[in-house]
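Given next are the chains, with one letter for each unit.
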Amino acid sequence: MTITFFGHACFQVETGGKTLLFDPFFRPNPKARPGDFETVKPDVILLSHGHGDHVADAADLAKKHGCPVVCNYEIANWLGKQGVGNAIGMNLGGTVKLGQVAAKHVPAAHSSELPDGTYGGNPGGFVVRGPEGSFYYSGDTALTADIQLLAGSGPFRFAALCIGDHFTMGYEDAAVAAGWLGVKEVLGVHYDTFPPIEIDREAALGAFAAKEVKLHLLEPGGRLELS
Ligand code: NI
Ligand code: MN
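The following refers to the structure shown. On a predicted model such as this, the values are computed, not experimentally measured, just so you know. The numbering scheme is per chain: residues are counted from 1 as the chain's sequence reads. Chain letters and ligand numbers both follow the written order, the letters beginning at A and the numbers at 1. Totals for whole chains, interfaces and linings use all residues, but because this is a predicted model, local features are given only for residues with pLDDT of at least 70 and pairs of side-chain atoms are given and counted only at 80 or more. For the side-chain quantities, the full set of heavy atoms in the structure was used; hydrogens and water were omitted.

1. Concerning the nonpolar core
Then step 1. The term nonpolar core refers to a set of buried residues drawn from Ala, Val, Leu, Ile, Met, Phe, Trp, Tyr and Cys, joined through side-chain atoms within 4.5 Å. Throughout this description, buried means an accessible area under 20% of the type-specific maximum (1.4 Å probe, protein chains only), exposed means over 50%, and partly exposed covers the range between. Phe11, Phe22, Tyr136, Leu161 and Phe208 are the most contacted members of the largest nonpolar core, which totals 54 residues.
Then step 2. Non-local contacts of Phe22, meaning those with residues more than four positions away in its chain, are made with Ala9, Cys10, Phe11, Val13, Leu46, Phe126, Val128, Phe135 and Tyr137.
Then step 3. With 22 residues, the next largest nonpolar core counts Leu47, Ala58, Ala62 and Trp78 among its residues. Two residues form a contact once any of their heavy atoms are found within 4.5 Å.

2. Some words on the coordination of the manganese ion (ligand 2)
Then step 1. We call an atom a donor if it is N, O or S and sits within 2.8 Å of the metal, or 3.2 Å for Na, K and Ca. Water is not counted, so some sites may look partial. Only Asp53 (OD), His54 (NE2), Asp140 (OD) and His190 (NE2) from the protein reach the manganese ion (ligand 2) as donors, at distances of 2.2 Å.
Then step 2. Look at where the donors of the manganese ion (ligand 2) fall in the sequence and you get D-H-x85-D-x49-H.
Then step 3. Separating the manganese ion (ligand 2) from the nickel ion (ligand 1) is a distance of 3.0 Å, and Asp140 supplies a donor atom to each of them. Within this pair, whereas His54 is found in helix H2 (residues 52-55), its partner His190 is found in the loop between strand E12 (185-189) and helix H7 (201-209), the two being separated by 136 residues in sequence.
Then step 4. You can call His54 buried: its relative accessible area is 0%.
Then step 5. Relative accessible area serves as the criterion here: at 1%, His190 is assigned to the buried category. Numbering goes from the N terminus for both helices and strands, where a helix is a DSSP run of H or I of at least four residues and a strand is a run of E of at least two.

3. Quick notes on the coordination of the nickel ion (ligand 1)
Then step 1. Within the first shell, the nickel ion (ligand 1) binds the protein through His49 (NE2), His51 (ND1), His110 (NE2) and Asp140 (OD), at distances of 2.2 to 2.3 Å.
Then step 2. Exposure remark for His49: the relative accessible area of 0% places this residue in the buried category.

4. What to know about the packing of helix H6 (residues 171-181) against H7
Then step 1. Where H6 meets H7, the axes come as close as 9 Å, and the angle between the chain directions of the two elements is 25 degrees. In terms of axis orientation, H6 runs roughly parallel to H7. Seen from above, H6 lies across H7 with right-handed handedness. Within the contact between the two elements, H6 uses Tyr171, Ala174, Ala175 and Ala178 and H7 uses Ala203, Ala204, Ala207 and Phe208.
Then step 2. For this scheme, ten residues count as nonpolar: Ala, Val, Leu, Ile, Met, Phe, Trp, Tyr, Cys and Pro. Four count as charged, namely Asp, Glu, Lys and Arg, and the remainder, Gly too, count as polar. The class makeup of the residues in the contact of H6 with H7 is eight nonpolar, no polar and no charged. Fitted lines through C-alpha atoms serve as axes, helices being fitted only where they are in contact, and the angles separating the N-to-C directions of these axes extend from 0 to 180 degrees. Roughly parallel refers to an angle under 35 degrees, roughly antiparallel to one over 145, roughly perpendicular to one between 65 and 115, and oblique to any angle outside these ranges. Put simply, a crossing is left-handed when the front helix is turned counterclockwise from the back one by less than a right angle, and right-handed when it is turned clockwise.

5. Describing the environment of Phe158
Then step 1. With respect to the secondary-structure elements, Phe158 resides in strand E11 (residues 156-162).
Then step 2. We classify Phe158 as buried; its relative accessible area is 1%.
Then step 3. Apart from the residues lying within four places of it in its own chain, the contact partners of Phe158 are Met1, Ile3, Val13, Ser134, Phe135, Tyr136, Val183, Glu185, Leu187 and Leu226.

6. Comments concerning the environment of Ala32
Then step 1. Secondary-structure assignment places Ala32 in the loop between strand E3 (18-22) and helix H1 (36-39).
Then step 2. Sequence separation of Ala32 and Gly221 is 189 residues, and the distance between their C-alpha atoms is 8.4 Å.
Then step 3. Ignoring sequence-local partners within four residues, the contact set of Ala32 consists of Phe6 and Phe26.

7. As for the sheet that holds strand E14 (residues 223-225)
Then step 1. Read across the open sheet, the seven strands follow the order E6-E5-E4-E3-E2-E1-E14; overall the sheet is mixed. If you trace the sheet from one side to the other, it starts and ends with strand E6 (87-90) and E14, each paired once. Adjacent strand axes in the sheet meet at a mean angle of 20 degrees, parallel and antiparallel pairs treated alike.
Then step 2. Any two strands are treated as partners once DSSP identifies two or more bridges connecting them. Across five bridges, strand E2 (residues 10-15) lies against E3 in antiparallel orientation. Within E3, the position partnered with Glu14 by the bridge is Thr19.

8. Comments concerning the packing of aromatic side chains
Then step 1. Two aromatic rings from Phe, Tyr or Trp, using only the six-membered ring of Trp, form a pair when their centres are within 6.5 Å; if the ring planes differ by under 30 degrees the pair is stacked, by over 60 it is edge-to-face, and anything between is tilted. Enumeration according to the criterion identifies ten aromatic pairs in this entry.
Then step 2. An angle of 55 degrees between the planes, with centres 5.2 Å apart, marks the rings of Phe6 and Phe26 as tilted. With a gap of 20 residues between them, Phe6 in strand E1 (residues 2-7) and Phe26 in the loop between E3 and H1 connect regions that are remote in the sequence.
Then step 3. Phe26 gets classed as buried once you look at its relative accessible area, which sits at 4%.
Then step 4. Ring centres 4.7 Å apart and planes at 10 degrees place the aromatic pair Phe11 and Phe22 in the stacked group.

9. Some details on the pattern of salt bridges
Then step 1. Here a salt bridge means any side-chain nitrogen of Lys or Arg lying within 4 Å of a carboxyl oxygen belonging to Asp or Glu. Inspection of every chain in the model, using the stated rule, returns six salt bridges.
Then step 2. Between Arg27 and Asp57 there is a salt bridge; the shortest N-O distance is 2.6 Å. Here Asp57 lies in the loop between H2 and helix H3 (58-65) and Arg27 lies in the loop between E3 and H1, a separation of 30 residues in the sequence.
Then step 3. Look at Asp57 and you get buried, because its relative accessible area is 2%.

The structure is reproduced here in structure tokens:
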């Protein structure tokens, strides 16, 4: 299982013979690495919710690569109007099978308007199961008791958790979530992109270390190999 972080909440996971790309946000992201938008090769795109910092490059990448987009029903309709022919609209609690990999859309406590003001349905995260194990991506969320329920879907090889505060939970709450999930490796996302979500990295690492969890703060383009 190989994870590549592209900045903000955009990352890919190679597992079960597929490259899964989450929340593509390359071109409008001042911290993204030049060229990643051009070179990324997703087999599947997954969108947690409708905000621009999660869907910005979804339509263009889906059309370029002809790949399916797993997202909620409202975002799928919005993508369809932009000529995306293979958006798989689902809703919370549902699972979509993608070959050997299965993605379940799970609740997040957030909001979900699309960039043009269209209603974006409910925000979510994903629990992904595959032959190399499972992982959880929180999407944008507050710390909620719903996350405790997800522990039953584990064990998780890793979790990608928002840690930047202001729009989502901060690293202290995310460390609590990691404890509930029983996960030992966390990819931090949704931090340091804009001033309101800048974090104290040492403090964030310490909050997770106190729970015996390794927090990975990767630079855009950084990779993490989970054996
Ligand atoms: Ni958001
Ligand atoms: Mn966001």
